[in-house]
Amino acid sequence: MTEETKAKIRRYNSNIEMSGRGIIAFGLWTAIKIWINLMVNVDTIKQGMDSHDEPIDFYLQVVFVTAGVLCISIIIVNVYVGISAIMYGRGNRKKKTFVIWAVILALLSLIFIVLDIINQEDMFDERMAELLADTTTLFILFDMVYSMIMARLTIKREQV
């Protein structure tokens, strides 16, 4: 294997590792963003609940628990993909099953990007920040998968 090929593989593995760190960071950011939006919009949520029989606080607790479960799920999936990518980039992991979750996260990011573009009429600054964050997440996931494919192809080319 030539030095140039080894350098390419190191660069691809470094990209995979850095993408893993980015996925973890943006997963945490997504969870924080959900909680911030929930806290800021508590009054709007209360106004949207039109209940005569049950106290609104019960429904509000259900919303908070649901959001908490969603945030924890987001963090778990992002941390799993991120740590797996870091380990894969360092050569400590051979399984690539985390790529399936990365593709799912990429599809969700793509859906969020479309929703951010559609909902541009209200709170323009907030929507633009979300659009940039979602686009960055999609780019990081794409870069990770691309680097994995290119590293594998580079190794295969050298073996032939």
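Refer to the structure above for everything that follows.
These notes cover the structure that comes with them. The shown structure was predicted, so the numbers you read here are calculated from the model rather than taken from an experiment.

1. A word on the nonpolar core
Soluble, globular proteins show a tendency: their nonpolar side chains are buried together.
Alright, step 1. Counting 14 residues, the largest nonpolar core has Ile16, Ile23, Val81, Phe98, Leu141, Met144 and Met148 as its most contacted members.
Alright, step 2. For this core, the elements supplying multiple residues, two or more each, are α1 (3-40), α3 (56-90), α4 (98-118) and α5 (124-159).
Alright, step 3. Leave out the neighbours within four places in its chain, and Val81 touches Ile23, Phe98, Trp101, Ala102, Leu105 and Met144.

2. Some points on the packing of α1 against α3
Alright, step 1. Where α1 meets α3, the axes come as close as 6 Å, and the angle between the chain directions of the two elements is 170°. Taken together, the axes of α1 and α3 are roughly antiparallel relative to one another.

3. Concerning the packing of aromatic side chains
Alright, step 1. Per the stated rule, a full pass over the model turns up three aromatic pairs.
Alright, step 2. Ring geometry for Phe142 against Tyr146: centres 6.1 Å apart, planes inclined by 15°, an arrangement best described as stacked. Of this pair, Phe142 and Tyr146 both sit in helix α5, four residues apart, which is roughly one turn of the helix.
Alright, step 3. Look at Phe142 and you get exposed, because its relative accessible area is 55%.
Alright, step 4. By relative accessible area, which is 40% here, Tyr146 ends up partly exposed.

Reading guide: rules and limits
- Sequence positions are assigned chain by chain, starting from 1 and proceeding in written order.
- With the structure being a predicted model, the display of local features is reserved for residues of pLDDT at least 70 and the display and counting of side-chain atom pairs for 80 or more, all residues being used for whole-chain, interface and lining totals.
- Side-chain metrics in this entry use all non-hydrogen atoms of the structure; hydrogen atoms and water are not considered.
- Among the buried residues, those of types Ala, Val, Leu, Ile, Met, Phe, Trp, Tyr and Cys that are joined through side-chain atoms within 4.5 Å form a nonpolar core.
- With a 1.4 Å probe rolled over the protein chains alone, any residue whose accessible area is under 20% of its type maximum counts as buried; one over 50% counts as exposed, and the rest are partly exposed.
- Helix and strand definitions here come from DSSP, where helices need a minimum of 4 consecutive H or I residues and strands a minimum of 2 consecutive E residues; each element is numbered from the N-terminal end.
- Working rule for contacts: check all heavy atoms of both residues, and any pair within 4.5 Å makes them a contact.
- Axis definition: a line fitted to C-alpha atoms, over the contacting stretch in the case of helices. Angles run 0 to 180 degrees between N-to-C directions.
- An angle below 35 degrees is treated as roughly parallel, one above 145 as roughly antiparallel, one from 65 to 115 as roughly perpendicular, and anything else as oblique.
- Classification of ring pairs uses Phe, Tyr and Trp, with its six-membered ring standing for Trp, and accepts pairs whose centres are within 6.5 Å; under 30 degrees between planes counts as stacked, over 60 as edge-to-face, and the remaining range as tilted.

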